[in-house]
Amino acid sequence: GQSLEQPSEVTAVEGAIVQINCTYQTSGFYGLSWYQQHDGGAPTFLSYNALDGLEETGRFSSFLSRSDSYGYLLLQELQMKDSASYFCAVNQAGTALIFGKGTTLSVSS
Amino acid sequence: ETGVTQSPTHLIKTRGQQVTLRCSSQSGHNTVSWYQQALGQGPQFIFQYYREEENGRGNFPPRFSGLQFPNYSSELNVNALELDDSALYLCASRGHQETQYFGPGTRLLVL
């Protein structure tokens, strides 16, 4: 079967750093993506890792270890607007995104 | 703003009815995928179309069907609606990169 595991909830304060982990077990792995979704909104692309290592995009970074079937999303200098659900998703070559159940991040002042 | 639009935004149907949801992809994006997102869950892959042909399908029954048109629009059709079909339906378009761009979704309620 195919499965992705990520924590259901994470809480943090403004200015802090948060890491959201994701482990996966899927067939046809091509890469790992991260999406952000605010309540009632559409998933928005954050980052994509096809190779092992760290990808940095502003305050957000994402890491992948293919040998460990593991990745994480790192959010720095947290802001209130970062409160949202974060999904890791496996890209299967040429076809679907297989999503995890999502992590709800709550940022407080 | 992803350039992907969906209609309608909300819809209420009763069990047994049929529904058609519509999506307009970004110009130049030949691949469109449809996802079902139940409350509190991640999106679940329904199927994908590339140049008007279905080229991938998730674990959904045949009463979920689709079409893609040359003008970058597409449809999701669901027959014989069931209560469990109540969800947010998302379409996503993709060009040559791996990034998928999602529309705002259609929220379907089946009574």
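For the structure itself, consult the block above.
The numbering scheme is per chain: residues are counted from 1 as the chain's sequence reads. Chains and ligands are labelled by the order in which they are written, letters from A for the one and numbers from 1 for the other. For this predicted model, a pLDDT threshold of at least 70 governs which residues receive local features, and a threshold of 80 or more governs which side-chain atom pairs are given and counted, while totals over whole chains, interfaces and linings are taken from all residues. In computing side-chain properties, one takes all heavy atoms of the structure into account and sets aside hydrogens as well as water.

Q: Pulling in residues and values, what's your account of the overall build of chain A?
A: Note on conventions: DSSP H or I runs of at least 4 residues are helices, E runs of at least 2 residues are strands, and numbering of each starts at the N terminus. Along chain A, the regular secondary structure elements total zero helices and 11 strands. Computed over C-alpha atoms, the radius of gyration of chain A comes to 13 Å, within 12% of the 13 Å expected from 2.2 N^0.38 for 109 residues, which places it in the range of a compact globule. Each principal axis of the C-alpha distribution contributes one length, and for chain A these read about 40 × 30 × 20 Å. Within chain A, the fraction of its 109 residues that count as buried is 49%. By definition, residues are in contact when any of their heavy atoms lie within 4.5 Å. Considering only contacts within chain A whose residues lie at least 6 apart along the sequence, 55% involve residues at least 24 apart. Here chain A carries 4 positive and 10 negative side-chain charges, and the mean point of each set is 5 Å from the other. For this measure, only C-alpha atoms enter the radius of gyration; the expected value for a globule follows 2.2 Å times N^0.38, where N is the number of residues. For the exposure calls, accessible area comes from a 1.4 Å probe over protein chains only, and a residue counts as buried if that area is under 20% of its type's maximum, exposed if over 50%, partly exposed in between. Working convention for charge: Lys and Arg count positive, Asp and Glu count negative, and His plus the chain ends are omitted. Charge positions are represented by NZ for Lys, CZ for Arg, CG for Asp and CD for Glu.

Q: Hey, could you go over the state of the cysteines for me, with residue numbers and the actual values?
A: Disulfides are covalent bonds that link the sulfur atoms of two cysteine residues. All names here are of chain A. Note on terminology: disulfide denotes any pair of cysteine sulfur atoms within 2.5 Å. In this structure the tally under the stated criterion is two disulfides over all chains. Covalent S-S linkage joins C22 and C88, the inter-sulfur distance amounting to 2.1 Å. Disulfide C22-C88: the torsion about the S-S bond is 75°, which places it as right-handed. Here C22, found in strand β3 (residues 18-25), pairs with C88, found in strand β9 (residues 84-92); they are 66 residues apart in sequence, far enough to count as distant. In this structure C88 comes out as buried when scored by relative accessible area, which is 0%.

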